[in-house]
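Coordinate inspection notes
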Amino acid sequence: MKPIRIIGVPSDYGQGRRGVDMGPSAIRYAGLREKLRDMGLDVTDLGDVPVPTPETRHIDNEKLKYLDEVIAVCTALCERVRDVVAAGQIPLVLGGDHSVAIGSLAGVAAAGKRFGVIWFDAHGDMNTDETTPSGNIHGMPLAASLGLGHPSLTELGGPAPKVKAQHVVLVGARSVDADEARLIRQSGITVFTMAEIDRLGMGTVMEQAIRIAGDGTDGIHLSLDLDALDPMFAPGVGTPVNGGVTYREGHLAMELLADSGRLLSVDVVEVNPILDHRNQTGRMAVELVESLLGKRVM
Ligand SMILES: NC(=[NH2+])NCCC[C@H](N)C(=O)O
């Protein structure tokens, strides 16, 4: 396994609820670095990217809330991720809400990588400023990375698109807005909803996802939204949706991705300790990362 570099992004500007800015603390508190070191991995925590203070935050555009703040955070993250990937290390980005993925994908692209994406999420995150029902940018990062939406997001840190639709797979979807569904169909990305996971099994879904994201690319970026998991296992998220990925399916998915040997970079996002129960979701995040980076029963 390549060296791991942890980057915290304590930002909640992609949505309206406070608390997800404490996600990096919650995940660190659950023992992330220590547990990965116990596995024999080379792990360094690079600390947090700077995030504007909430006292100065403002909404100029109801369809792109806190746009200036999101751009500032994602631009700073993009530069750190670019440097880590260019050094041959794996960035492990701790959100923050899912808007931070705009910065991490831009950073992987800026390092010169042609990559695929596995987007593990209850939602599509394929809205643009034209389709969004909420104005929350955390519902837009996958669209932005594919070159759809406002230029200040699609061209952040470099030209659009950051990733090609033929190498993008959405896993775990079960809450998609009507106009967003149309965009998803038109985009040409592959979607495995919960129905497909039920019918095919997580093993087959991940084998196919790894092939689509990995074949013909330099590697795979995993964008792991904890709300992909069922709220039973990950209650501390801002937009929970019933009927999600189980504890066992989640671990299997991470193990298969580890076995593929194709992992390039990772986001772990949407952990909100204010909504959590005794840091259950922070601990779940750490456990999944351990499986992703090679932990096994025996
Ligand atoms: N990464 C997330 N949790 N995204 C939630 C998005 C919710 C909704 N589709 C919206 O655009 O507002």
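Quick caveat: nothing in here was measured; it's all calculated off a predicted structure.

Here's the deal with the nonpolar core
- In terms of nonpolar packing, the biggest core is built from 102 residues, with Val 73, Cys 74, Leu 77, Ile 118, Val 169, Ala 209 and Ala 285 touching the most fellow members.
- Top element by residues in this core is helix 3 (residues 67–86). It accounts for eleven residues.
- When neighbours within four sequence positions are excluded, Cys 74 is seen to be in contact with Val 100, Ile 102, Gly 103, Ala 106 and Leu 156.

Details of the UniProt feature "binding site: Mn(2+)" (unreviewed entry) in the protein chain
- Using the residue numbers shown here, the UniProt feature "binding site: Mn(2+)" (unreviewed entry) corresponds to His 98, Asp 121, His 123, Asp 125, Asp 225 and Asp 227. Considering the C-alpha atoms alone, the annotated residues occupy 130 residues of sequence yet fold into one spot, their largest mutual distance being 12.0 Å.
- Summarising the element assignment, Asp 121 is placed in the loop between strand 4 (115–120) and helix 5 (141–145).
- Under the C-beta neighbour-count criterion, Asp 121 is labelled buried, with 30 such atoms within 10 Å.
- Excluding its chain neighbours within four sequence positions, the residues that come into contact with Asp 121 are Leu 170, Gly 172, Ala 173, Asp 225, Asp 227 and Ala 228.
- Judged by the 25 C-beta atoms lying within 10 Å of it, His 123 falls in the buried class.
- With residues up to four places along the chain from it excluded, the contact list for His 123 reads Gly 139, Ala 173, Ser 175, Val 176 and Thr 239.

Focus: the site of the ligand
- In the region of the ligand, 16 residues are neighbours, and His 98, His 123, Ser 134, Gly 139 and Thr 239 sit closest.
- Across the shell around the ligand, the residue classes tally to one nonpolar, nine polar and six charged.

Observations concerning the sheet that holds strand 6 (residues 190–193)
- Read across the sheet, eight strands follow the order 2-1-3-8-7-4-5-6 without closing on themselves; strand pairing throughout is parallel. Looking at strand neighbours, the two that pair on one side only are strand 2 (43–48) and strand 6, the edges of this open sheet. Between one strand and the next, the sheet's axes are offset by a mean angle of 15°, whatever the strand orientation.
- Examined bridge by bridge, strand 5 (residues 168–173) and strand 6 share four bridges and lie parallel to one another. Within strand 6, the position partnered with Val 171 by the bridge is Phe 192.
- Packed on one face of the sheet, helix 3 meets strand 1 (4–9), strand 2, strand 3 (90–95) and strand 8 (263–269) and runs near 175° to strand 1.

Remarks on the packing of helix 3 against helix 4 (residues 101–110)
- Put simply, helix 3 and helix 4 touch, their axes get as near as 7 Å, and they point 40° apart. Classified by the angle between their axes, helix 3 and helix 4 sit oblique to one another. Seen along the crossing, helix 3 lies across helix 4 with a hand that is right-handed. Contacts from Val 73, Cys 74, Thr 75, Leu 77, Cys 78, Glu 79, Arg 80, Val 81, Arg 82 and Val 85 in helix 3 reach Ile 102, Gly 103, Ser 104, Ala 106, Gly 107, Val 108 and Ala 110 in helix 4.
- Taken together, the residues of the contact of helix 3 with helix 4 break down into ten nonpolar, four polar and three charged.

How each quantity is defined
Residues numbered from 1 in each chain as written. Predicted model: local features only at pLDDT ≥ 70, side-chain atom pairs only at ≥ 80, totals over all residues. Core = buried A, V, L, I, M, F, W, Y, C linked by C-beta atoms within 7 Å. Buried ≥ 20, exposed ≤ 12 C-beta atoms within 10 Å, placed from the backbone. Helix = DSSP H or I, 4+ residues; strand = E, 2+ residues; numbered from the N terminus. Contact = placed C-beta atoms within 7 Å. UniProt positions renumbered as here; feature names shortened; annotations may be inferred. Near = placed C-beta within 6 Å. Nonpolar A, V, L, I, M, F, W, Y, C, P; charged D, E, K, R; others polar. Pairing = 2+ DSSP bridges. Axes fitted to C-alpha atoms, helices over the stretch in contact; angles between N-to-C directions. Parallel < 35°, antiparallel > 145°, perpendicular 65-115°, else oblique. Left-handed = near helix turned anticlockwise from the far one by under 90°.

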